[in-house]
Amino acid sequence: MNIELRHLRYFVAVAEEASFTAATQRVHVAQQVLSAQIRKLEDAVGTQLFERSSRGVALTPAGTAFLGAARETLASVDRGVMAARNAARAVSGRLSVGLSLAASGDTRTRLLATFERASPQVDLTEPACGLLDRSSDVALLRPPVAAAGIALRQVDSEPRVFVLPAGHPLAAREALSLADVAGLPWVAADLATDGCEPVRWRDDWLINPRPGGDVPVIGAVARTIEEWREHIVAGHGISLCPASAETHNARPGIVFVPGKDTPSTALCVAWRADDNRPAVRSFVEFVTNAAANS
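Residues numbered from 1 in each chain as written. Predicted model: local features only at pLDDT ≥ 70, side-chain atom pairs only at ≥ 80, totals over all residues. Heavy atoms only, no water.

1. A few points about the pairing of strand β3 (residues 95-99)
Put simply, the test is: Remark: exposure states derive from per-residue accessible area (1.4 Å probe, protein chains only) relative to the maximum for the residue type, with buried under 20%, exposed over 50%, and partly exposed in between. Strands are runs of DSSP state E lasting at least 2 residues, helices are runs of H or I lasting at least 4, and numbering of each runs from the N terminus.
By the criterion of burial, β3 is predominantly enclosed, with five of the five residues buried. Side chains L95, V97 and L99 of β3 all project onto a buried face; the interleaved residues S96 and G98 project onto the opposite face, where all are buried too.

Here it is as structure tokens:
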């Protein structure tokens, strides 16, 4: 029996898409090639895995039984690849640093600039910033991170401010409270999909639940900083953000108003609690000490 990893990836793609045509787009091979490889897999397994019809394809009982094992095998291989890459980074002393989109600011820039071995990755939108799927070794982020196995150490704190479209009736206020904005629509963060509790981070920035008992109304959902700013300018809702965003994320059409009763937000260095590699511990200690002495 000669089953290759590509056979498993093709099989999972067809099973999940329920269509050879859609699966070809997902795995980037011609439909003729995909069909031929699936037949080779069926020959190797010794039974038919798909029922083919004019309406598409569906798993046979044998295919359904095989799907779980195929997914498990692919996931195991992916974990092995990531472990190998992490080991290689550990030997070289280099780290992959996850950077939260919400954690931009002078403190983050200064801390990274003073740690020469850090190799920052692309900014990440998920609360855990790649720590859970191991695409990052350490991260600079804003809590909460509602997931097991993640350790946090605070390195900075700053106020939160309200963000409104420039023409909003409240935009000229010197300060705003949650009571002032009760009933207004908000631009909310997208739900977490990285293994964190899905709504915890969103709720923290909506201040939900609220002391006054009002329930925030979600007028729009933003997955990126750019989407967030566009929704604000378009009047789809208001928002809260770190005070430093007035410097780093300002644009015409947006107004920042100080909050009177909003809790502050922290900047934290985060890592997997069971990761005891010297490079990881060195980064955590260095960032902590650099922040304390700045």
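There is more to say after this.
2. As for the packing of aromatic side chains
The description of an aromatic ring pair rests on the distance of the ring centres and on the angle between the ring planes. Inclusion rule: Two aromatic rings from Phe, Tyr or Trp, using only the six-membered ring of Trp, form a pair when their centres are within 6.5 Å; if the ring planes differ by under 30 degrees the pair is stacked, by over 60 it is edge-to-face, and anything between is tilted. Charge over a ring is defined by NZ of Lys or CZ of Arg lying within 6 Å of the ring centre and within 35 degrees of the ring normal.
Going through the model one piece at a time under the given rule, you end up with five aromatic pairs. Measuring from centroid to centroid gives 5.3 Å for F11 and F50, while their planes differ by 50°, and the two rings are tilted. Placement of the pair is F11 in helix α1 (residues 5-17) and F50 in strand β1 (residues 50-53), with a sequence separation of 39 residues. Of the two residues examined, F11 and F50, each falls in the buried class. With 6.3 Å between their ring centres and 65° between their planes, F20 and F50 make a pair best called edge-to-face. You can see F20 sitting in helix α2 (residues 20-27) and its partner F50 sitting in strand β1, a full 30 residues away along the chain. Given a relative accessible area of 1%, F50 falls into the buried group. Each residue in the set F11, F20, F50 and F66 is aromatic and connected to the rest through ring pairs, giving one cluster. Seen from the ring of W205, R160 lies directly overhead, with NZ or CZ sitting 4.3 Å from the centre.

3. Regarding the packing of α1 against helix α3 (residues 31-45)
The condition is simple: Angles here are taken between N-to-C directions and fall from 0 to 180 degrees, while the axes themselves are lines fitted to C-alpha atoms, restricted in helices to the stretch in contact. Each angle receives one of four descriptions, namely roughly parallel if under 35 degrees, roughly antiparallel if over 145, roughly perpendicular if within 65 to 115, and oblique otherwise. By definition, residues are in contact when any of their heavy atoms lie within 4.5 Å. Classes in brief: Ala, Val, Leu, Ile, Met, Phe, Trp, Tyr, Cys and Pro nonpolar; Asp, Glu, Lys and Arg charged; the others, Gly included, polar.
One way to put it is that α1 packs onto α3 with a least axis distance of 9 Å and a crossing angle of 110°. Compared by their axis directions, α1 and α3 come out roughly perpendicular. From α1, R6, H7, Y10, F11 and V14 reach across to α3, where they touch L34, Q37, I38, K40 and L41. Grouping the amino acids of the contact of α1 with α3 by side-chain chemistry returns six nonpolar, two polar and two charged.

4. A short note on the pairing of strand β9 (residues 217-222)
The test is simple: At least two bridges found by DSSP between two strands is the condition for calling them paired. Whether a crossover is right-handed depends on one test, that the path from the first strand over the helix to the second runs clockwise when the strands point away from the viewer.
In the sheet, strand β8 (residues 185-189) pairs with β9 via five bridges, with the strands oriented parallel. Bridge assignment links W186 to a residue of β9, and that residue is I218. The handedness of the β8 to β9 crossover, carried by helix α6 (residues 200-206), is right-handed.

5. Focus on the pattern of salt bridges
Our working rule: Salt bridge criterion: a side-chain nitrogen from Lys or Arg within 4 Å of a carboxyl oxygen from Asp or Glu.
As enumerated under the stated definition, the model contains 17 salt bridges in all. Residue E16 pairs with R26 through a salt bridge whose shortest N-O separation is 2.5 Å. Linking E16 in helix α1 with R26 in helix α2, this pair joins segments that are 10 residues apart in sequence. On the basis of relative accessibility, which here comes to 39%, the residue E16 falls in the partly exposed class. Taking relative accessible area as the criterion, R26 reaches 36% and is therefore assigned partly exposed. Between R251 and E230 there is a salt bridge whose closest N-O contact spans 2.5 Å. Of the two residues, R251 is situated in the loop between α8 (245-248) and β11 (254-258) and E230 in helix α7 (residues 225-233); the sequence distance between them amounts to 21 residues. A relative accessible area of 26% places R251 in the partly exposed class. A single network of salt bridges, built from pairs that share partners, joins E16, E17, R26 and R71.

6. Regarding the environment of F20
Using a relative accessible area of 10% as the deciding quantity, one classes F20 as buried. Placed 37 residues apart in sequence, F20 and V57 show a C-alpha to C-alpha distance of 7.5 Å. In this structure, F20 is in contact with V14, Q31, L34, S35, I38, R52 and V57, ignoring residues within four places of it in sequence.

7. Overview of the nonpolar core
Stated formally: Nonpolar core, defined: a set of buried Ala, Val, Leu, Ile, Met, Phe, Trp, Tyr and Cys residues in which side-chain atoms within 4.5 Å join the residues together.
Counting residues in each nonpolar core, the largest one holds 20 residues, and the members touching the most others are F11, V14, L34, I38, F50 and F66. Top contributing element to this core by residue count: α1, with seven residues. Apart from residues no more than four positions distant in its own chain, F66 is found in contact with L8, F11, L41, V45 and L49. Counting 19 residues, the second largest nonpolar core, distinct from the first, contains L140, A279, F283 and V284.

8. Comments concerning unusual backbone geometry
Negative phi values dominate among residues other than glycine, just as trans dominates among peptide bonds. Following P143, the chain continues to P144 via a peptide bond in cis, the omega torsion being 10°. Considering the arrangement of structural elements, one finds P144 in the loop between β5 (138-141) and β6 (150-158). Residue P209 is reached from N208 by a cis peptide bond, and omega for that bond is 5°. Inspection of the secondary structure assignment puts P209 in the loop between α6 and β9.

9. Looking at the environment of G212
Here G212 lies in the loop between α6 and β9. Sequence spacing of G212 and R39 is 173 residues, and the spatial spacing of their C-alpha atoms is 62 Å.

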